[in-house]
Amino acid sequence: MIRKYTFGTPLPTGAVVRPQPAQSGPVPFFDVKTGEDGSVSFSLSLHPEEVIFGLGQAVRGVDKRGHRYESWNSDVFNHTEERPSLYGSHNFILFFSPERLLGVYLDDPGKVVWDLGWENHDEAVITSLSGNLDLYLIEEDTLTGAARAFRELTGRSYLPPRWAFGYIQSRWGYASEQEVRAVVSEHRKRHIPLDGVCLDIDYMVDFKNFTWKPDAFPDLRQFQAEMKEDHLRLIPIIDAGIAVQEGYAPYDSGKAGDFFCKKEDGSDFVAAVWPGRCCFPDFLREDARRWFGDLYRPLLEAGIEGFWNDMNEPALFYSDEGVADAFAKVEAIRGGEVDFETTWWLKDAFNGIANNMDDYRRFFHLVDGKPVRHDRVHNLYGAGMTKATADGFRRFSPDQRLLLFSRSSFIGAHRDGGIWQGDNFSWWSHLKMAIQMLPGLNLCGFLYTGCDLGGFGCNVTEDLLERFLQLGVFTPLMRNHSALHTREQEIYRFSSWEIMRDTVSVRYALLPWLYSEFMKAALGDEMLFRPLVFDYPADPRAVHVQDQLMLGEGCMIAPVYEQNAAGRYVYLPEDMLLVRFRSGKDYDLVPLAKGDHWINLALNEFPLFVKKNHAVLLCPGGESSELLDDTRFTALGQIETESTYELYRDDGKTAAPDLGSGLTKIVLSPSTSLQTIPDVP
Ligand code: MIG
């Protein structure tokens, strides 16, 4: 059951696809208070055993209780435990205790503060700063049922093409065809599977969107064609800002259509990002989205089938006004005594010019023809860019799925694209964070996701990259990405590259099965990764497991995320089969009983656990997703009573696939734990 309550006059967000009338009368469960500043707070006392799931892309554990978060899309380079928000706002949480199962969703494009037992461990207080929102309460009998109800309310998850499940190599700095060819050939020569290479901002002319350097990429169409011969795709980046420069076509057409965000005086808002001074498309306007979506056309016509959209919080390096303000502050103390306080203050005056709240209050969008100040709808900006892009793709190739993943997002954007988890570091704690972020994102509808494997910032070590890849084997987006000036992080840079190659080979052996699990989850409005308690609600141990996740119908992952660990403890909520992988062809199988186990996992080993009467399917493998045989499998499972696995397959690109017609039933018969399944029709 879903009930809706409206407060103030909410701005349209496009998040909900099944509108319903608002209830009258008081909100059950919550104590509702209106602040003098117009904010509205919802308080709920918490049961001692209550756990809280959700909130999408947020730091810290799977259970969000005990901390304070904010919904405020932020370009943040340092994902510490203290960060109140990252790049997306995903305002959905589930409260779960022996006494209650309650889903709470705030459809609110402005800042929301989530005190989930921070001020007071026994109380949750959720505050909408604007006080204009739709509040939805979801009550279902099961956690999975509540997750499904939320997806039905907000719409089906984005479906990427099948090649997007291949391994993708990326690095900020690849600047020419030759460099990309060298990366590709180092992979191919060593038989490290690879499906795509990302082009970061260095492919553009002066970082200007929709351009590419004529000397470094003389014929993009030809280059993409050459890559495609080798079963590879190029995936260029596009940023949100459009450089202010007459004669640069996207600026001229944006100006001609008057599609940019405005300041109060009606002039275009200008702030600097990578290309220097930029204007910002008003992604809240349908006509501006249409114009922007069509800008991808030349790249699509050159054969590009995948993009990543960046800097769309939007990130702002500085505005002229912000710089002037900072200088004014400095002038005010120039000549006076500089003591410890003023030096801190001086430093902050300049550090604070990026992504500054004053800038977010300096510009306006047109919503239904009326100006709305940016800070009131801030969290919609990235989602608007995703929608502009996805709609542009649909106009260009209505029958074909294209790859799109964005940095910034909002609920609703899960229908149009995936997201990556942003600028993590080469830290072991960030490997753990990546695991813990998956179920929250899945609950909020974002299924196509993954972190920068190896870590984006800082310098990776080879053991850390190997353990990151072991997680990446299971995440839909499996991308190695790193920042300019950090240690080079392609697999072939390391002496243990063969171990890493073998790890990637597991992904390719599992790819048809993983794709099947993904598509069944997406088309059936399910989660791909779940906290254990979703499947074992009556198991008091399962409720608190923070570093293992259920995967698909019958499996569980438990990655190693500590340096120098020779294995890890794993809790099995029921009897399971341990598949200890070393490569797509090399693994051992150990049946284990429900309970706690220490599992030895040398650096080149990682586990997948399979429930009884379920199986995981391995194909013979290959070096590109296009070269896999998905008709012959080895099934790994402990089959005690005859069971079936429903394998979903399709051509990997049709835009409107149908679950029913893609399913083939595979019979799993008892007795053996390792079965060869020849020729699945
Ligand atoms: O200010 O394009 O998160 O993945 O490599 C940094 C350069 C801009 C941030 C993205 C990152 C990307 C980088 N970008």
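Everything discussed here concerns the structure shown above.
Please read these numbers as outputs of a predicted model, since none were measured by experiment.

**As for the side chain of Asn 379**
Here comes step 1: Its place among the elements puts Asn 379 in the loop between helix H10 (374–377) and helix H11 (381–396).
Here comes step 2: A distance of 3.1 Å separates the side chain of Asn 379 from the backbone oxygen of Gly 110, its partner in a polar contact.
Here comes step 3: The contacts of Asn 379, once residues within four sequence positions are left out, are Ser 71, Trp 72, Asn 73, Ser 89, Pro 109, Gly 110, Lys 111, Ser 409 and Phe 410.

**Observations concerning the sheet that holds strand S16 (residues 262–263)**
Note on sheets: strands pair through backbone hydrogen bonds, and any given pair is parallel or antiparallel.
Here comes step 1: Sheet architecture is open: three strands sit in the order S16-S20-S21, paired in antiparallel fashion. On the outer flanks of this sheet lie S16 and strand S21 (370–373), each paired with one strand and no other.

**What to know about empty space enclosed by the protein**
Here comes step 1: Under the defined criterion, the tally for this structure stands at four cavities of 30 Å³ or more.
Here comes step 2: By volume, the largest cavity is sized at about 70 Å³.
Here comes step 3: Around the largest cavity sit 13 residues that line it, and Leu 55, Gln 57, Glu 70, Ser 71 and Gly 88 are the ones nearest its centre.
Here comes step 4: Residue assignment for the lining of the largest cavity shows that the elements contributing at least two residues are strand S5 (67–71) and strand S6 (88–89).
Here comes step 5: For the lining of the largest cavity, the class distribution of residues is five nonpolar, seven polar and one charged.
Here comes step 6: Looking at the second largest cavity, its volume works out to about 40 Å³.
Here comes step 7: Along the walls of the second largest cavity sit Phe 53, Gly 54, Gly 61, Val 62, Lys 64, Gln 436, Pro 439, Gly 440, Leu 443, Pro 531 and Phe 534, which together make up its complete lining.
Here comes step 8: Of all the elements in the fold, those that place two or more residues in the lining of the second largest cavity are strand S4 (51–54) and helix H12 (428–443).
Here comes step 9: Considering each element in turn, the lining of the second largest cavity owes the most residues, four residues, to H12.
Here comes step 10: Broken down by class, the residue content of the lining of the second largest cavity amounts to six nonpolar, four polar and one charged.

**Observations regarding the site of the ligand**
Here comes step 1: Around the ligand, 13 residues are found, and the nearest of them are Asp 200, Trp 274, Asp 310, Asp 423 and His 481.
Here comes step 2: Measuring from an oxygen atom of the ligand, one finds a side-chain N or O atom of Trp 274 at 3.0 Å.
Here comes step 3: Taking Arg 407, its side chain carries an N or O atom lying 3.0 Å from an oxygen atom of the ligand.
Here comes step 4: Protein coverage of the free-state accessible area of the ligand, which is 360 Å², stands at 94%.
Here comes step 5: Class assignment of the residues belonging to the shell around the ligand gives a composition of eight nonpolar, one polar and four charged.

**Things to note about the nonpolar core**
Nonpolar side chains in soluble globular proteins generally cluster together in the buried interior.
Here comes step 1: Residues Phe 292, Tyr 448, Trp 513 and Leu 551 are the most contacted members of the largest nonpolar core, which totals 143 residues.
Here comes step 2: By residue number, the principal contributor to this core is helix H14 (residues 497–523), which donates 16 residues.
Here comes step 3: Discounting residues that sit within four places of it in the chain, Phe 292 has contacts with Phe 210, Ile 238, Asp 239, Ala 240, Ile 242, Pro 281, Phe 283, Met 385 and Ala 388.
Here comes step 4: Counting 43 residues, the second largest nonpolar core, distinct from the first, contains Val 62, Val 377, Ala 383 and Phe 534.

**Here we look at the packing of aromatic side chains**
Here comes step 1: All told, the structure shown has 42 aromatic pairs when counted by the stated rule.
Here comes step 2: Seen from their ring centres, Trp 274 and Phe 317 are 5.2 Å apart, and the 85 degrees between their planes marks the pair as edge-to-face. Within this pair, whereas Trp 274 is found in the loop between strand S17 (270–273) and strand S18 (276–279), its partner Phe 317 is found in the loop between strand S19 (306–310) and helix H7 (320–333), the two being separated by 43 residues in sequence.
Here comes step 3: In this structure Trp 274 comes out as partly exposed when scored by relative accessible area, which is 30%.

**Quick notes on the environment of Asp 252**
Here comes step 1: Position of Asp 252 among the secondary structure elements: in helix H4 (residues 249–257).
Here comes step 2: According to the relative accessible area criterion, Asp 252 is partly exposed, its value standing at 32%.
Here comes step 3: When sequence neighbours within four positions are dropped, the list of residues in contact with Asp 252 reads Gln 245, Glu 246 and Gly 247.
Here comes step 4: Among the polar contacts listed, one links the side chain of Asp 252 to the backbone nitrogen of Gly 247, at a separation of 3.0 Å.

**Description of H11**
Here comes step 1: Relative to the 22 Å expected for 16 residues at 1.5 Å per residue, H11 spans 23 Å between its end C-alpha atoms, a close match to the ideal helical length.
Here comes step 2: Residues of H11 that are buried include every one of Tyr 381, Gly 382, Ala 383, Gly 384, Met 385, Thr 386, Ala 388, Thr 389, Ala 390, Asp 391, Gly 392 and Phe 393, and no others.

**Looking at the sheet that holds strand S40 (residues 674–677)**
Here comes step 1: Judged by pairing direction, the sheet is antiparallel, and its three strands sit side by side in the order S36-S37-S40 without closing on themselves. Two strands close off the open sheet at either side, each with one partner strand: strand S36 (616–618) and S40. In this sheet, neighbouring strand axes are inclined to one another by 30 degrees on average, regardless of whether the strands run parallel or antiparallel.
Here comes step 2: Note: S36 against strand S37 (residues 633–636), three bridges, orientation antiparallel. Note on S37: the bridge partner recorded for Leu 618 is Thr 634.
Here comes step 3: Against the sheet, H14 touches S36 and S37, its axis set at about 130 degrees to S36.

**A look at the packing of H7 against helix H8 (residues 340–351)**
Here comes step 1: Packing of H7 against H8 leaves a shortest axis separation of 9 Å and a crossing angle of 160 degrees. For the element pair H7 / H8, the angle class is roughly antiparallel. Where H7 crosses over H8, the two elements pack in a sense that is left-handed. The segment H7 lies against H8, with Ala 326, Phe 327, Lys 329, Val 330 and Ile 333 engaging Thr 342, Trp 345, Leu 346, Ala 349 and Phe 350.
Here comes step 2: Here the residues of the contact of H7 with H8 are counted per class, giving eight nonpolar, one polar and one charged.

**Details of a nonpolar patch on the surface**
Here comes step 1: Residues Phe 340, Trp 344 and Trp 345 make up a contiguous nonpolar surface patch of about 400 Å² in total accessible area.
Here comes step 2: With respect to the element layout, Trp 345 can be found in helix H8.

**Structural notes on the environment of Lys 255**
Here comes step 1: For Lys 255, the position within the fold is in helix H4.
Here comes step 2: It is 9.0 Å that separates the C-alpha atoms of Lys 255 and Asp 268, two residues lying 13 residues apart in sequence.
Here comes step 3: Filtering out sequence-adjacent residues up to four positions away, Lys 255 remains in contact with Phe 260 and Asp 268.
Here comes step 4: At 2.8 Å, the side chain of Lys 255 and the side chain of Asp 268 are in polar contact.

**Looking at the pattern of salt bridges**
Here comes step 1: According to the stated counting rule, one finds 55 salt bridges in the structure shown.
Here comes step 2: One salt bridge connects Glu 553 with Lys 520, and the closest N-O pair in it is separated by 3.1 Å. A residue pair is termed long-range when its members are at least 10 positions apart, and Glu 553 in the loop between strand S29 (549–551) and strand S30 (555–557) and Lys 520 in helix H14 qualify at 33 residues.
Here comes step 3: Here Glu 553 falls in the partly exposed class, since its relative accessible area comes to 39%.

Reading guide: rules and limits
- Residues numbered from 1 in each chain as written.
- Predicted model: local features only at pLDDT ≥ 70, side-chain atom pairs only at ≥ 80, totals over all residues.
- Heavy atoms only, no water.
- Helix = DSSP H or I, 4+ residues; strand = E, 2+ residues; numbered from the N terminus.
- Polar contact = N/O pair within 3.5 Å; in protein donor to acceptor, adjacent residues only side chain to side chain.
- Contact = heavy atoms within 4.5 Å.
- Pairing = 2+ DSSP bridges.
- 1 Å grid on protein atoms, 1.4 Å probe; cavity = no way out; pocket = protein on both sides within 12 Å on 5 of 7 lines; lining within 4 Å.
- Points joined across faces, edges and corners; volume = space filled by probe spheres on them.
- Nonpolar A, V, L, I, M, F, W, Y, C, P; charged D, E, K, R; others polar.
- Near = heavy atom within 4 Å.
- Areas by Shrake-Rupley, 256 points an atom, 1.4 Å probe, with all protein chains shown as cover.
- Core = buried A, V, L, I, M, F, W, Y, C linked by side-chain atoms within 4.5 Å.
- Buried < 20%, exposed > 50% of the residue type's maximum accessible area, 1.4 Å probe, protein only.
- Phe/Tyr/Trp six-rings, centres within 6.5 Å; stacked < 30°, edge-to-face > 60°.
- Expected span 1.5 Å × (residues − 1).
- Axes fitted to C-alpha atoms, helices over the stretch in contact; angles between N-to-C directions.
- Parallel < 35°, antiparallel > 145°, perpendicular 65-115°, else oblique.
- Left-handed = near helix turned anticlockwise from the far one by under 90°.
- Patch = residues over 30% accessible without salt bridge, like charges linked within 9 Å, V, L, I, M, F, W, Y side chains within 5 Å.
- Salt bridge = Lys/Arg side-chain N within 4 Å of Asp/Glu carboxyl O.

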